[in-house]
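Understanding the architecture of this molecule
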Amino acid sequence: MAVAAAAGRCVGALPQAAASLSFSSSVAQTGAAAFVPSSSPSGRKHSSGGPITCLRTDSEPKSVKERSLLDNASNLLTNLLSGGNLGSMPIAEGAVSDLFARPLFFALYDWFIQHGSVYKLAFGPKAFVVVSDPIVARHILRENAFGYDKGVLADILEPIMGKGLIPADLETWKVRRRAIVPGFHSAYLESMVEVFNDCTERTINKLETRLHRAQSTGEDLIEVEMEAEYSNLALDIIGISVFNYDFGSVTSESPVIQAVYGTLYEAEHRSTFYIPYWKFPPARWLVPRQVKFNADLKVINDCLDDLIRNARDTRQEDDAEAMQQRDYSKVNDKSLLRFLVDMRGEEPDDKQLRDDLMTMLIAGHETTAAVLTWATYMLAQNPDKIKKAQDEIDSVLGERKPTYEDLKKLQYVRLIVAESLRLYPQPPLLIRRSLKPDKLPGGHKGDVNGYAIPKGVDIFISVYNLHRSPYFWDEPDKFMPERFLKAKQSEVDGWAGFDPQRSQGALYPNETIADFAFLPFGGGPRKCVGDQFALMESTIGLTRLLQKFDVQLKGKPEDVELVTGATIHTKAGLWCKLKKRQSVKSVSQRNPQLSTRRS
Ligand code: HEM
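- You'll find the chain entered in an unreviewed UniProt entry as Cytochrome P450 CYP97B, with Marchantia polymorpha given as the organism.
- The UniProt entry for the chain carries the following comment under Cofactor (unreviewed entry): "heme".

Set out below in structure tokens:
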């Protein structure tokens, strides 16, 4: 199933009709979308050992002189209605028309370089603050985490995820987070390796079967749309591991799978559309896509309700600690749903459980598919990195599948996943709204007195800007998984620098190591609950692919267009050429350098 294409994913560029109707609320809406930088903003050159390719951009930011009446009117309105300046905070008075000519993400990066790490976006009557600095991000996400909620994002996601962790209000969040986090215990994660391997095996088998068929007609390669393959793989994994339901989407199609993709598509549409017309009750019956969305939601909810009922009927109540000690190799249903239902002392109602499952389905699916897609995209442009990863895989695994212990040794593959998340963070923006007045630190090159923030201000932490910041990364646009092996001294007051020693044994260079300059899974109390899970499944997916195949892009890197919803993905899929790898080297032929380094 060509998911991306079939779903007709929406594009970062915003609908013109909507744009002309209402600009003001649009930024709020689009804030939830991750705006994607295309090629090089402000003439900035992307380099990655090969080009880093993004959307083609057909226009440059407008100078003040070139702004239209609409641009000027919008900026005036902003200053009048949002109280003008937020103290000394720089204002990015962009041209409204810029937004419609190119993805906003470009503009957010340009303004970051122009105005600094914290600036106000002067579009429409509401104030939006864009943060591209680790010191400020650390304040919002960790030091004053409970001074903020999810704001716009929660508004958009609530109809789909209800009171699931992502959009949940603080009270609900505290209760559910306390219940869900213990579910990702080490015995569970270890047992999931088998699920990751089994699901990946289906994808590999499918590709090998296609390749054999091609070989019988004299071809030595196949062309595969990898984004769709990864999307199916991630869906199968999340179904089995979270609620013990096998979508079987790698090999088949079903109404439930269609409904899941339909719902994901709608979530994305809502995050990129200007006017929340779906809040207008008759839209439910009058707008065909809303009719379809509600039908899709019913299919999924019915399916989840069945699974919840079944789990309740077979409940075996136990303490969380006792469940964490279970011998998971003997447990039949290892899913998170089983854990949540069996746990003594937690009695969530069916609606809450359904919201939790739906949240995890959405949070854990597209993100993983996206990181695998961009890792493949970057690797395909860097054959030397493929070779290095394959040497590591051969050395650690030979031809067998990875175990939990092996994952620790597959360091280079894990760093490829991390580096792909640095260049293509999923989601590229974290969204918050201040619940009370706050004072943000000035951050690097900002006001030493900081910035006062009134209650109700919407904040976008641009993870994309953070991850590509020239102030915190050397050669920020270059694909260099090796970068994470070296410590980086800080030259910035208030930032502790990058130091792998700070979190020894971590599966990936986390926010502690990078002191919030690298936030692949967020940071603070609302950090991703599935970070280890996601890192492990992505590492296994990539390892198995590289173990079996050599990968090239089908077309030119620059032809792969980026679009965004909640994640950065491709407009027309990631078409690759897969060739069978020559058989794996024997142990004695392993790359001596690699063996030496490991010993
Ligand atoms: C590569 C894959 C993934 C990436 C890049 C990713 C990224 C993130 C990020 C950045 C956040 C923080 C959002 C914020 O602060 O606003 C988050 C939250 C979350 N993620 Fe993930 N995630 C991934 C996979 C998963 C998986 C596999 C699951 C579940 C099985 C999951 C479940 C969640 C949940 C429930 C939250 C909300 C946590 C809370 O608010 O307490 N994610 N994720």
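Read on, since the account is not over.
Points about the nonpolar core
- Residues Phe 184, Phe 243, Leu 337, Phe 533, Leu 542 and Leu 578 are the most contacted members of the largest nonpolar core, which totals 128 residues.
- When residues in this core are grouped by element, the largest group, 16 residues, is from helix H17 (residues 350-380).
- Both domain 1 (67-156 + 426-494) and domain 2 (170-425 + 519-580) contribute no fewer than three residues apiece to this core.
- Sequence-distant contacts of Phe 243, that is, excluding residues within four places in its chain, are made with Ile 238, Leu 304, Leu 307, Ser 335, Leu 337, Leu 357 and Leu 361.
- Val 118, Val 136, Leu 141 and Leu 519 belong to the second largest nonpolar core, which has 20 residues in total.

Side note on the domain arrangement of the chain
- Along its sequence, the chain is organised into domain 1 (67-156 + 426-494) and domain 2 (170-425 + 519-580).
- The C-alpha centroid of domain 2 is placed 29 Å from the C-alpha centroid of domain 1.
- The junction of domain 1 with domain 2 conceals about 3,000 Å² of combined surface from both sides, 66% of it contributed by carbon and sulfur atoms.
- Three residues, Gln 426, His 467 and Phe 479, lead the burial of domain 1 against domain 2; their summed loss comes to 32% of the area buried on that side.
- Counting across the domain 1 and domain 2 interface gives three salt bridges.
- A salt bridge links Arg 483 to Glu 419, with the nearest nitrogen and oxygen atoms 3.1 Å apart.
- For the interface between domain 1 and domain 2, the tally reads 12 residue pairs in polar contact (both at pLDDT 80 or more).
- In terms of residue count, the dominant contributor to the side of domain 1 that touches domain 2 is helix H21 (residues 463-467) (four residues).
- Residue composition of the side of domain 1 that touches domain 2, grouped by class: 19 nonpolar, two polar and 10 charged.

Quick look at the pairing of strand E2 (residues 118-121)
- Residues Val 118 and Lys 120 line one face of E2 and the alternating positions Tyr 119 and Leu 121 line the opposite face, and both faces are buried.
- The pairing of strand E1 (residues 91-92) with E2 spans two bridges and is classified as parallel. Note that in E2 the partner of Ala 92 across the bridge is Leu 121.
- Looking at chain direction, E2 and strand E3 (residues 128-131) are connected through four bridges and run antiparallel. Bridged to Leu 121 within E3 is Phe 128.

Definitions and cut-offs
- Residues numbered from 1 in each chain as written.
- Predicted model: local features only at pLDDT ≥ 70, side-chain atom pairs only at ≥ 80, totals over all residues.
- Heavy atoms only, no water.
- UniProt positions renumbered as here; feature names shortened; annotations may be inferred.
- Core = buried A, V, L, I, M, F, W, Y, C linked by side-chain atoms within 4.5 Å.
- Buried < 20%, exposed > 50% of the residue type's maximum accessible area, 1.4 Å probe, protein only.
- Helix = DSSP H or I, 4+ residues; strand = E, 2+ residues; numbered from the N terminus.
- Domains from an automatic or database assignment.
- Contact = heavy atoms within 4.5 Å.
- Buried area = accessible area lost by both parts, 1.4 Å probe.
- Salt bridge = Lys/Arg side-chain N within 4 Å of Asp/Glu carboxyl O.
- Polar contact = N/O pair within 3.5 Å; in protein donor to acceptor, adjacent residues only side chain to side chain.
- Nonpolar A, V, L, I, M, F, W, Y, C, P; charged D, E, K, R; others polar.
- Pairing = 2+ DSSP bridges.

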